[in-house]
Amino acid sequence: MPVRSPFSEGQILLPWLLPAGFLLAWLFISFIGVIPAYLLPSPGEVLKAATSYIFGEPGSAPYAGRFYADFCASGLRVLSGFSLAVLIGLPLGMLSGRVPFLQRMLGTSINGLRAVPGICWLPLALVWFGIGLKTTVFLVALAAFFPIYLNTEAGARQVSPLLLQAGAMMGVRRLRGTFAVLLPAAMPHIMTGLRLGLGISWAYLVLGELTGVPNGLGAVIMDARMLGRIDIIVVGIILIALIGRLSDTGLHWLLRTCFRSARRSA
Amino acid sequence: MSRYLQVVQKNPSTVEQPYILDVEHVQKKFGNGDIGEKLVLADIGFSARRGELICILGRSGCGKTTLLNLLAGFIAPDQGTIRLHDQPVSKPGPDRCVVFQDDALFPWLTVRENIAFGLKGQRISSAQKEEEIDRFLKLVGLSEFAAYLPSEISGGMKQRVALARVLILKPQVLLMDEPFAALDAQTREEMQNLVLELWQQLAHTILFVTHDVTEAVLLADRILLFDKDPGRIKEDIRLELSRPREKEDQNFLSLCRVIRAQI
């Protein structure tokens, strides 16, 4: 077997350089006390709050042990919204990438809608769907739809006509050609779209949960602000960053496991 | 020019074979009313025998590639008919396979998977398929590179894969569109020999587009010499040089000279 993409140890450490530097700066600032603790708690306090939030006995202290339930609630919302966006955005993107008529019909409207900031949809969503799961799922799906649709469309449009001709001459017809040639050829773009979509899903999750739902990671942040628990806010932000990053890795891994075109394109 | 052709002995093998491909009065225009139409091919007509190796020779822009696209069924002629075994050609299919000028391998498939691609729909057992793939890997000399991706092999090897993936489908007609134009001189020579070797083993009809006179004289039973603006067949030349041909041979060189003067 040929050798593929060798990587050195330096490249594994490199991504952690910036977070480590940031942590050191934070430690230093808390130590000399230029910013009062009620604005920015020290890393130690945040770690204590995080431990209690994640591992604490529920009820033993405010926010203790709530993480698991919040994570499940938020995860479900992101997963539903993101899946909905994939189910609509992916086929629609493939179609409008290959059918110029559809592209002309949809292109302007979708680009117009894309320009509307997501937060503008919040009041409307609240009226339509009320507070809770449905509003959040709607916002997540809406936000994730655009990067998925646009990237899939670009990917399908840019597939080399030579590959399609090659497929046709070797006897693949429309339906099989879509899965055997078109989809794998557009895979690098599709992957980009899905990863961007999932990233923005987490952002809109928090937006959806700021509206007074009882559980979820966004709800905890908003709740903690009311009670002046800055440490919990920081814990929430760090957890969302971590989970967002992990879900991106997970998605990437899943795509690479399921599709050899994804495995071999990046 | 016939005096050069008569000095060499006749190669009887393909002459008695029946005609399988008929092209009659084919015409193709490009462009629309705004820019003005351009007649790319005017009244093209010829027939190809089974197992014949025909080179389509002409300068760039004379419509050689357009003719190949018509034969492959990628585009349709404005006028005229193309028939293979008396069946009109209307869409691409595995009976008329193309080796493209540029690399058109599927980059997400390994060499082996690329060669296996066309077999997927066919109703033969998987053991038989594996056997066929192994045979064609060996025929094009890539057995050791089966697990490589197209991005990991050289240009010459890519064209070997391109050749194998269509030959495995046993096409009636193999269409080759300047397949070796982008290769270096030595690799090109290797590939020309490979094409001849495979042609002698598998005995398929080949239409080989090239602008290189030496390549055409080396390979062809017959050369269709193309004229430009509009593209049409200027001469239909039967080559009766014995094989294997030597590029330094006097007959070979004088034949090249005569044809070069005609282009």
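Going by the structure above, here's the rest.
Residues numbered from 1 in each chain as written. Chains lettered and ligands numbered in written order. Predicted model: local features only at pLDDT ≥ 70, side-chain atom pairs only at ≥ 80, totals over all residues. Heavy atoms only, no water.

Enquirer: Which parts of the structure should I look at to understand the overall build of chain B?
Expert: Within chain B, the secondary structure is distributed over 8 helices and 10 strands. Structurally, chain B occupies a C-alpha span of about 50 × 50 × 35 Å along its principal axes. Considering chain B as a whole, with its 263 residues, one finds that 52% of them fall into the buried category. A separation threshold of at least 6 residues defines the contact pool for chain B, and within that pool the share at least 24 residues apart is 70%. Of the roughly 12100 Å² of accessible surface on chain B, 46% is carried by carbon and sulfur atoms. Side chains of chain B carry 33 positive and 36 negative charges; the gap between the two charge centres is 2 Å. (Helix = DSSP H or I, 4+ residues; strand = E, 2+ residues; numbered from the N terminus. Buried < 20%, exposed > 50% of the residue type's maximum accessible area, 1.4 Å probe, protein only. Contact = heavy atoms within 4.5 Å. Areas by Shrake-Rupley, 256 points an atom, 1.4 Å probe, with all protein chains shown as cover. Lys, Arg positive; Asp, Glu negative; His and termini not counted. Charge placed at Lys NZ, Arg CZ, Asp CG, Glu CD.)

Enquirer: Honestly, the nonpolar core in this entry has me stumped. Any pointers?
Expert: Nonpolar side chains tend toward joint burial in soluble globular proteins. Residues Val217 and Ile223 of chain B are the most contacted members of the largest nonpolar core, which totals 95 residues. If one sorts the elements of this core by residue count, helix H5 (residues 155–167) of chain B sits on top with 7 residues. Beyond its immediate chain neighbours, meaning those up to four positions away, Val217 of chain B contacts Ile223, Leu239, Leu241, Arg245, Phe252, Leu255, Cys256 and Ile259 of chain B. With 56 residues, the next largest nonpolar core counts Ile148, Met187, Val235 and Ile243 of chain A among its residues. (Core = buried A, V, L, I, M, F, W, Y, C linked by side-chain atoms within 4.5 Å.)

Enquirer: When you look at the packing of aromatic side chains in this model, what are you seeing that I'm missing?
Expert: Both the distance between ring centres and the angle between the ring planes are used here to describe each pair of aromatic rings. Tallying each qualifying case throughout the model produces 13 aromatic pairs over all chains. On the numbers, 5.6 Å between centres and 25° between planes, the contact of Phe67 of chain A with Phe71 of chain A is stacked. One end of the pair, Phe67 of chain A, and the other, Phe71 of chain A, are both in helix H3 (residues 67–98), 4 residues apart, so they sit about a helical turn from each other. Using a relative accessible area of 16% as the deciding quantity, one classes Phe67 of chain A as buried. Looking at Phe71 of chain A, the relative accessible area reads 32%, which means it is partly exposed. Here Phe145 of chain A and Phe146 of chain A contribute two aromatic rings whose centre-to-centre distance is 5.4 Å and whose plane-to-plane angle is 75°, an arrangement assigned as edge-to-face. Since its relative accessible area comes to 13%, Phe145 of chain A is described here as buried. One aromatic cluster is present, formed by Trp121, Trp128, Phe129 and Phe138 of chain A through successive ring pairs. One residue, Arg49 of chain B, lies across the ring of Tyr19 of chain B, its end atom 4.3 Å from the ring centre. (Phe/Tyr/Trp six-rings, centres within 6.5 Å; stacked < 30°, edge-to-face > 60°. Lys NZ or Arg CZ within 6 Å of the ring centre and 35° of its normal.)

Enquirer: Please explain the environment of Arg83 of chain B as it appears in this structure.
Expert: Residues and elements named next belong to chain B. Turning to its location among the elements, Arg83 is positioned in strand S4 (residues 79–84). In this structure, the C-alpha to C-alpha distance between Arg83 and Glu24, residues 59 residues apart in sequence, is 8.6 Å. Discounting residues that sit within four places of it in the chain, Arg83 has contacts with Ile20, Leu21, Asp22, Glu24 and Pro88.

Enquirer: What is the right way to look at the sheet that holds strand S6 (residues 96–99) of chain B in this model?
Expert: Backbone-to-backbone hydrogen bonds pair the strands of a sheet. The strands run either parallel or antiparallel. Residue and element names in this part refer to chain B. Taken in spatial order, the 6 strands make up an open sheet running S6-S7-S8-S3-S9-S10, and their pairing is mixed. Either end of the sheet is taken by a strand with one partner, and the two such strands are S6 and strand S10 (232–238). Averaged over neighbouring strand pairs, the angle between their axes works out to 20° when direction is ignored. Bridge count for S6 against strand S7 (residues 173–177) is 4 bridges, and the pairing is parallel. Its bridge partner lying in S7, Cys97 is registered against Leu174. On top of the sheet, H5 reaches S6 and S7; it is set at about 175° to S6, its chief contact. (Pairing = 2+ DSSP bridges. Axes fitted to C-alpha atoms, helices over the stretch in contact; angles between N-to-C directions.)

Enquirer: Is there a simple way to think about the sheet that holds strand S5 (residues 87–88) of chain B in this case?
Expert: Residue and element names in this part refer to chain B. Taken in spatial order, the 4 strands make up an open sheet running S2-S1-S4-S5, and their pairing is antiparallel. The open sheet is flanked by strand S2 (38–49) and S5, the only strands paired with a single partner. As defined by bridge partners, strand S1 (residues 19–30) adjoins S2 across 8 bridges and the pair is classed as antiparallel. Opposite Leu21, over in S2, you have Ala48 as the bridge partner.

Enquirer: Whenever I open this one, the interface of chain B and chain A confuses me. Can you help?
Expert: Bring the parts together and some accessible area is lost; that lost area is often taken as the interface size. Each partner contributes to the interface: chain B provides 30 residues, whereas chain A provides 22 residues. Across the interface of chain B and chain A, roughly 2200 Å² is buried in total on both sides, 68% from carbon and sulfur atoms. Summed over the shared surface of chain B and chain A, the result is 2 salt bridges. The closest approach of N and O atoms between Glu113 of chain B and Arg260 of chain A, which form a salt bridge, is 3.1 Å. Summed over the shared surface of chain B and chain A, the number is 3 residue pairs in polar contact (both at pLDDT 80 or more). Elements supplying a minimum of two residues to the side of chain B that touches chain A: S6 and H5 of chain B. Of all the elements, S6 of chain B adds the most residues to the side of chain B that touches chain A, at 3 residues. Residues belonging to the side of chain B that touches chain A are distributed by class as follows: 18 nonpolar, 4 polar and 8 charged. (Buried area = accessible area lost by both parts, 1.4 Å probe. Salt bridge = Lys/Arg side-chain N within 4 Å of Asp/Glu carboxyl O. Polar contact = N/O pair within 3.5 Å; in protein donor to acceptor, adjacent residues only side chain to side chain. Nonpolar A, V, L, I, M, F, W, Y, C, P; charged D, E, K, R; others polar.)

Enquirer: Can you help me understand a nonpolar patch on the surface in this one?
Expert: A grouping of Phe28, Phe31, Ile32, Val34, Ile35, Tyr38 and Leu39 of chain A is seen on the molecular surface, where their side chains present a nonpolar patch of about 820 Å² in accessible area. Inspection of the secondary structure assignment puts Leu39 of chain A in the loop between helix H1 (9–32) and helix H2 (43–55). (Patch = residues over 30% accessible without salt bridge, like charges linked within 9 Å, V, L, I, M, F, W, Y side chains within 5 Å.)

Enquirer: What am I meant to see in the state of the cysteines here?
Expert: Two cysteines form a disulfide when their sulfur atoms are joined by a covalent bond. Under the defined criterion, the tally for this structure stands at 0 disulfides over all chains. Between Cys97 of chain B, a cysteine without a disulfide, and Cys55 of chain B, which holds the nearest cysteine sulfur, the sulfur-to-sulfur distance is 19 Å. (Disulfide = S-S within 2.5 Å.)

Enquirer: Explain the packing of helix H5 (residues 121–129) of chain A against helix H6 (residues 133–157) of chain A to me, please; I cannot follow it from the model alone.
Expert: Any two packed helices are characterised by the angle at which their axes cross and by the distance between the axes. Residue and element names in this part refer to chain A. Close contact between H5 and H6 brings their axes to 9 Å; oriented N to C, the two are set at 140°. When the interaxial angle is binned, H5 and H6 end up oblique. Considering the relative orientation of H5 and H6, their crossing is right-handed. Residues Trp121, Leu122, Ala125, Leu126, Trp128 and Phe129 of H5 lie in contact with H6, whose contacting residues are Lys134, Thr135, Phe138, Leu139 and Leu142. (Parallel < 35°, antiparallel > 145°, perpendicular 65-115°, else oblique. Left-handed = near helix turned anticlockwise from the far one by under 90°.)

Enquirer: What should I look at first to understand the pattern of salt bridges in this one?
Expert: Oppositely charged side chains can pair when the atoms bearing their charge come close. All names here are of chain B. In total, this model carries 27 salt bridges over all chains according to the counting rule given. The shortest N-O distance in the salt bridge between Arg238 and Glu52 comes to 2.8 Å. Of this pair, Arg238 sits in strand S10 while Glu52 sits in the loop between S2 and strand S3 (53–57); the two residues are 186 residues apart in sequence, bridging distant segments of the chain. A relative accessible area of 0% means that Glu52 is categorised as buried. Ionic pairing is found between Arg243 and Asp221, a salt bridge with its closest N-O pair at 2.9 Å. Of the two residues, Arg243 is situated in the loop between S10 and helix H8 (250–262) and Asp221 in the loop between helix H7 (213–219) and strand S9 (222–227); the sequence distance between them amounts to 22 residues. Asp221 gets classed as buried once you look at its relative accessible area, which sits at 4%.

Read these as layout, nothing more, since geometry by itself doesn't imply function.
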